[in-house]
Amino acid sequence: MNNQQIRQIFEDFFEKYKKTEGDDNTYTAFWSERSPGGTVEISMIRCPADTTFKFFKNGKKVDEVKEWDAFFPALDKFAQENSNIFDKKSFFTGMQDMT
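Read on for a plain summary of the structure. (Residues numbered from 1 in each chain as written. Predicted model: local features only at pLDDT ≥ 70, side-chain atom pairs only at ≥ 80, totals over all residues. Heavy atoms only, no water.)

## Let's talk about helix α3 (residues 88-97)
Part 1: Residues of α3 that are buried include every one of Phe91, Phe92, Gly94 and Met95, and no others. For α3, the buried positions fall inside an angular range of 150 degrees around the axis, keeping them on one side. Facing away from the buried surface of α3 by more than 90 degrees, the exposed residues are Lys89 and Asp97.
Part 2: As for α3, its buried residues are in contact with α1 (3-17), β2 (23-35), β3 (38-46) and α2 (67-81). (Buried < 20%, exposed > 50% of the residue type's maximum accessible area, 1.4 Å probe, protein only. Helix = DSSP H or I, 4+ residues; strand = E, 2+ residues; numbered from the N terminus. Arc of directions from axis to C-beta. Contact = heavy atoms within 4.5 Å.)

## Description of the packing of α1 against α3
Part 1: At a minimum axis separation of 9 Å, α1 and α3 run at an interaxial angle of 35 degrees. The chirality of how α1 crosses α3 is left-handed. Side by side, α1 and α3 meet where Ile6, Ile9, Phe10 and Phe13 of the first sit next to Lys88, Phe92, Met95 and Gln96 of the second.
Part 2: Of the residues that constitute the contact of α1 with α3, the class distribution is 6 nonpolar, 1 polar and 1 charged. (Axes fitted to C-alpha atoms, helices over the stretch in contact; angles between N-to-C directions. Left-handed = near helix turned anticlockwise from the far one by under 90°. Nonpolar A, V, L, I, M, F, W, Y, C, P; charged D, E, K, R; others polar.)

## A closer look at the environment of Asn58
Part 1: Note on placement: Asn58 falls in the loop between β4 (51-57) and β5 (60-66).
Part 2: For the pair Asn58 and Gly38, spaced 20 residues apart in sequence, the C-alpha separation works out to 5.8 Å.
Part 3: Beyond its immediate chain neighbours, meaning those up to four positions away, Asn58 contacts Gly37, Gly38 and Thr39.

## Notes on the nonpolar core
Part 1: The biggest cluster of nonpolar side chains holds 25 residues, and the ones touching the most others in it are Phe10, Ile42, Phe55, Phe71, Leu75 and Phe92.
Part 2: Counting only elements with at least two residues in this core, the list comes to α1, β2, β3, β4, α2 and α3.
Part 3: Take this core: its biggest share by element is 7 residues, from α2.
Part 4: Ile42 has contacts with Phe10, Ala29, Phe30, Trp31, Lys54, Phe55, Phe71, Leu75, Phe86, Phe91 and Phe92, leaving out every residue within four places of it along the chain. (Core = buried A, V, L, I, M, F, W, Y, C linked by side-chain atoms within 4.5 Å.)

## Some words on α1
Part 1: For α1, with 15 residues, the first-to-last C-alpha span of 21 Å sits near the 21 Å given by 1.5 Å per residue.
Part 2: All buried positions along α1 are accounted for by Ile6, Ile9, Phe10, Glu11, Phe13 and Phe14.
Part 3: Against β2, β3, β4, α2 and α3 lie the buried residues of α1.
Part 4: Measuring from the side-chain oxygen of the N-cap residue of α1 to the backbone nitrogen of Gln4 gives 3.0 Å; that N-cap residue is Asn2. (Expected span 1.5 Å × (residues − 1). Polar contact = N/O pair within 3.5 Å; in protein donor to acceptor, adjacent residues only side chain to side chain.)

## Let's talk about the sheet that holds β2
Part 1: Reading across from one edge, β1-β2-β3-β4-β5 is the order of the 5 strands in this open sheet, with antiparallel pairing throughout. Only two strands of the sheet have a single neighbouring strand rather than two, namely β1 (19-21) and β5. Sheet twist, expressed as the average angle between the axes of neighbouring strands with direction ignored, equals 30 degrees.
Part 2: In this sheet, β4 lies alongside β3 in antiparallel orientation, the contact comprising 7 bridges. Bridge pairing links Ile45 to Thr52 in β4.
Part 3: In the packing of α3 onto the sheet, the strands contacted are β2 and β3, and the crossing angle to β2 comes to about 125 degrees. (Pairing = 2+ DSSP bridges.)

Read these as spatial facts, not as claims about activity.
Printed below as a string of structure tokens:
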């Protein structure tokens, strides 16, 4: 699964499941997966100023980046550091199945 496919999956998921965050200009959507080793979650927050991605492991935020250019290096790092509980292909396939 390449970066363009991941971006399209996340954008499609976001458009279908986004929720407002207090005002009508900020929206968020997240996807999480559980495994015997723990839980991982990635959220996407979009407001007029930017798009922010937050990475969580077992309910604790471990990284936050802005815009797609920073997302993919952060995603690779997250996958590498959490390979025991995070599989990129499985994660985004699950997200895609919901759209």
